[in-house]
Amino acid sequence: MLTRASFVLVGFSLAAAGIGAARSVRADALEAVQVLREGGCGGILPAARPLRHDASLDRAAQLWAAGSSPAAATEHSGYRAEATSALHISGPAAATLDLLKRSRCHSVTGRGLTDIGVYTRGSDTWLVLAYAYAAPAVSQAPVLAARALDLVNEARARGARCGGRSFAPAPPVRMSGTLAGVALGHAADMAAHGYFEHEDLGGHSPADRVRAVGYREKLVGENIAYGPKSAEEVVQGWLDSPGHCENIMDPRFAEMGIAYAAGRAAKRGLFWVQVLAAPQV
């Protein structure tokens, strides 16, 4: 099992005396953030690209203002964030740029930030800045699967030590479209329902899922992972884990399928499933 932090929150509050119109504060806040990013906080930091104004993050800022935590507000807004920075400004619109510049300007100029949302109420403004979650495109799936197959077969050709057990070189496995479909089904189910187990919510084991599609097997193995974004990362993680490594190196397996699915809500990383099998001859 692999884990990866998928949500980081940085929050702070700024205050200044005075009252301004909510609409003016909102406009000034958006403009101030863009000015500071383009100018690198007055030249002390590298320039950064302007942020996209995102309506979902506007909703997140509004939910935060209503009492939700920034993390919960972003989740409930429907925006898929890998990380967020949350700022609360209280004061006149004319002071917004100076407030942001003097108080942790680096928080609005992060180069990885992509989007911003704003909500105003009276002279208060809530800003939610986010790093959008970037899962590999669906069109990349065949490429990643082919790369994973190559990495698995390279490991099998070398031989490996899996914990306290040594494995001699093993014959290569071939890709099975049927097993890839089984892997995708389980990955998608875990991603949709936010769990991480070999047994699905219906109580079915990997072997049950393989048999359900008509695949006739002598032996079935399954590796799962949560978080990795590349074939290299997921295969290496499995090789570094004794039980997963043993599955990859088992010379009885002749076919494999691999797939991933992007999670939602609190689990936004990728869910990976590798199914290995020895078919009946």
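Structure first, text after, so check above.
Residues numbered from 1 in each chain as written. Predicted model: local features only at pLDDT ≥ 70, side-chain atom pairs only at ≥ 80, totals over all residues. Heavy atoms only, no water.

## Digging into the packing of aromatic side chains
- The tally for this structure, following the rule as stated, stands at four aromatic pairs.
- Ring geometry for Tyr 226 and Phe 271: centres 4.8 Å apart, planes at 50°, overall tilted. Taken together, the residues Tyr 226 in strand 9 (residues 217–226) and Phe 271 in strand 11 (residues 270–279) connect sequence positions 45 residues apart. The pair formed by Tyr 226 and Phe 271 is uniform in burial state, with each residue classed as buried.
- Between Tyr 260 and Trp 272, the aromatic rings sit 5.1 Å apart at their centres with planes inclined by 45°, giving tilted as the arrangement. Of this pair, Tyr 260 sits in strand 10 (residues 255–262) while Trp 272 sits in strand 11; the two residues are 12 residues apart in sequence, bridging distant segments of the chain. Considered together, Tyr 260 and Trp 272 belong to a single accessibility category, that of buried residues.
- Here the aromatic residues Phe 196, Tyr 226 and Phe 271 are joined through ring pairs into a cluster of three or more. (Phe/Tyr/Trp six-rings, centres within 6.5 Å; stacked < 30°, edge-to-face > 60°. Helix = DSSP H or I, 4+ residues; strand = E, 2+ residues; numbered from the N terminus. Buried < 20%, exposed > 50% of the residue type's maximum accessible area, 1.4 Å probe, protein only.)

## Overview of helix 2 (residues 55–65)
- Buried residues of helix 2: Leu 57, Asp 58, Ala 60, Ala 61, Leu 63, Trp 64 and Ala 65, and no others.
- The positive-phi residue at the C-terminal boundary of helix 2 is Gly 67, with phi of around 125°.

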